[in-house]
Amino acid sequence: MLVPEKEWVKIDLVPFRNMDKAIHGFAHSVDPETGNIFLLKRLEPDESDLAPCIITSHAIKQWEIDKSVSVEAKEKFAVEIQSILQHMGLNAIAESAPTPFDVQEKQKPLLEVLAKSRLPYRVDEDVIVVFDQIRIAYPYTYHDCDSDNEIILQRVRSVLFK
């Protein structure tokens, strides 16, 4: 199971030479393919300094949500995390998930084009399915279209994203 993103975690590492046995920090993001973690680690469990690091998935023995971080500390760290991420050119801490209104607003123009073009489609939760073969996921851009049939995929893309 992957480490949750945007959470304070404690990660126990596989013993290797003189590495730390456990790392406490803010898991900013996790690579879904490799499981590698971009972590803003606490230099010492009781200190307020953070340093960015990458933890490879094969080095993780186990992990858990770090409940030792108080609400006050989380608020204090939020400013430092924001500063580090901006300095590194990364997005802010918590990009909120799209609301149902956001999804409907993004879907609306595509659904209008599909109806006008008389292409058969259905909506499964947040995914638009065209010809029962092409799946278009949020945020409904050219690159969010997916299908095993490249010919149909290119034709539908050409209709939707002129």
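The present account deals with the structure reproduced in this document. (Residues numbered from 1 in each chain as written. Predicted model: local features only at pLDDT ≥ 70, side-chain atom pairs only at ≥ 80, totals over all residues. Heavy atoms only, no water.)

So, about the nonpolar core. Side chains of nonpolar character tend, in soluble globular proteins, to be buried together. Core analysis: the largest hydrophobic core is formed by 14 residues, its most contacted members being Leu 114, Ile 128, Val 130, Ile 134 and Ile 136. Sorting the residues of this core by element identifies helix H2 (100-117), strand E7 (127-130), strand E8 (134-136) and helix H3 (150-160) as the ones contributing at least two each. At four residues, H2 tops the list of elements feeding residues into this core. Apart from residues no more than four positions distant in its own chain, Val 130 is found in contact with Leu 114, Leu 119, Pro 120, Tyr 121, Ile 136 and Val 156. Core analysis: the next-biggest nonpolar cluster, separate from the first, contains twelve residues, Val 9, Ile 23, Ala 27 and Ile 60 among them. (Core = buried A, V, L, I, M, F, W, Y, C linked by side-chain atoms within 4.5 Å. Buried < 20%, exposed > 50% of the residue type's maximum accessible area, 1.4 Å probe, protein only. Helix = DSSP H or I, 4+ residues; strand = E, 2+ residues; numbered from the N terminus. Contact = heavy atoms within 4.5 Å.)

The next thing to look at is H2. Between its first and last C-alpha, H2 extends 25 Å over 18 residues, near the 26 Å set by a 1.5 Å rise per residue. Where H2 bends most, the angle comes to about 35°, and this point is Lys 108, followed within four residues by the proline Pro 109. If you check which residues of H2 are buried, you get Val 103, Gln 107, Leu 110, Leu 111 and Leu 114. Residues of H2 that are buried make contact with strand E6 (121-124), E7, E8 and H3. Positive phi appears at Arg 118, one or two residues downstream of H2, with a value of about 60°. (Expected span 1.5 Å × (residues − 1). Bend = angle between axes of the 7 residues up to and from the residue.)

Attention now goes to the sheet that holds strand E1 (residues 7-13). Pairing is antiparallel in the open sheet, where five strands are placed in the order E4-E3-E2-E1-E5. Two strands lie at the open edges of the sheet, namely strand E4 (50-55) and strand E5 (60-65), each paired on one side alone. On average, each strand axis in the sheet is inclined to that of its neighbour by 40°, with strand direction left out of account. Relative to E5, E1 runs antiparallel, the two being bridged by five bridges. Directly across from Leu 13, in E5, lies its bridge partner Ile 60. (Pairing = 2+ DSSP bridges. Axes fitted to C-alpha atoms, helices over the stretch in contact; angles between N-to-C directions.)

The amide bond that connects Tyr 138 to the next residue, Pro 139, takes the cis arrangement and shows omega of 15°. Its location among the elements puts Pro 139 in the loop between E8 and strand E9 (145-146). The phi angle at Arg 118 is positive, at roughly 60°, despite the residue not being glycine. By the secondary structure assignment, Arg 118 is in the loop between H2 and E6. A positive phi angle, close to 55°, is found at Asp 132, a residue other than glycine. Here Asp 132 shows up in the loop between E7 and E8. On the basis of relative accessible area, Asp 132 is assigned to the exposed category, the value being 62%.

The subject of this paragraph is the side chain of Asp 12. Within the secondary structure, Asp 12 is located in strand E1. Judged by its relative accessible area of 16%, Asp 12 is buried. Ignoring any residue separated from it by four or fewer positions in sequence, one finds Asp 12 in contact with Lys 21, Ala 22, Ala 59, Ile 60, Lys 61 and Gln 62.

No statement about biological role is implied by the geometric values presented.
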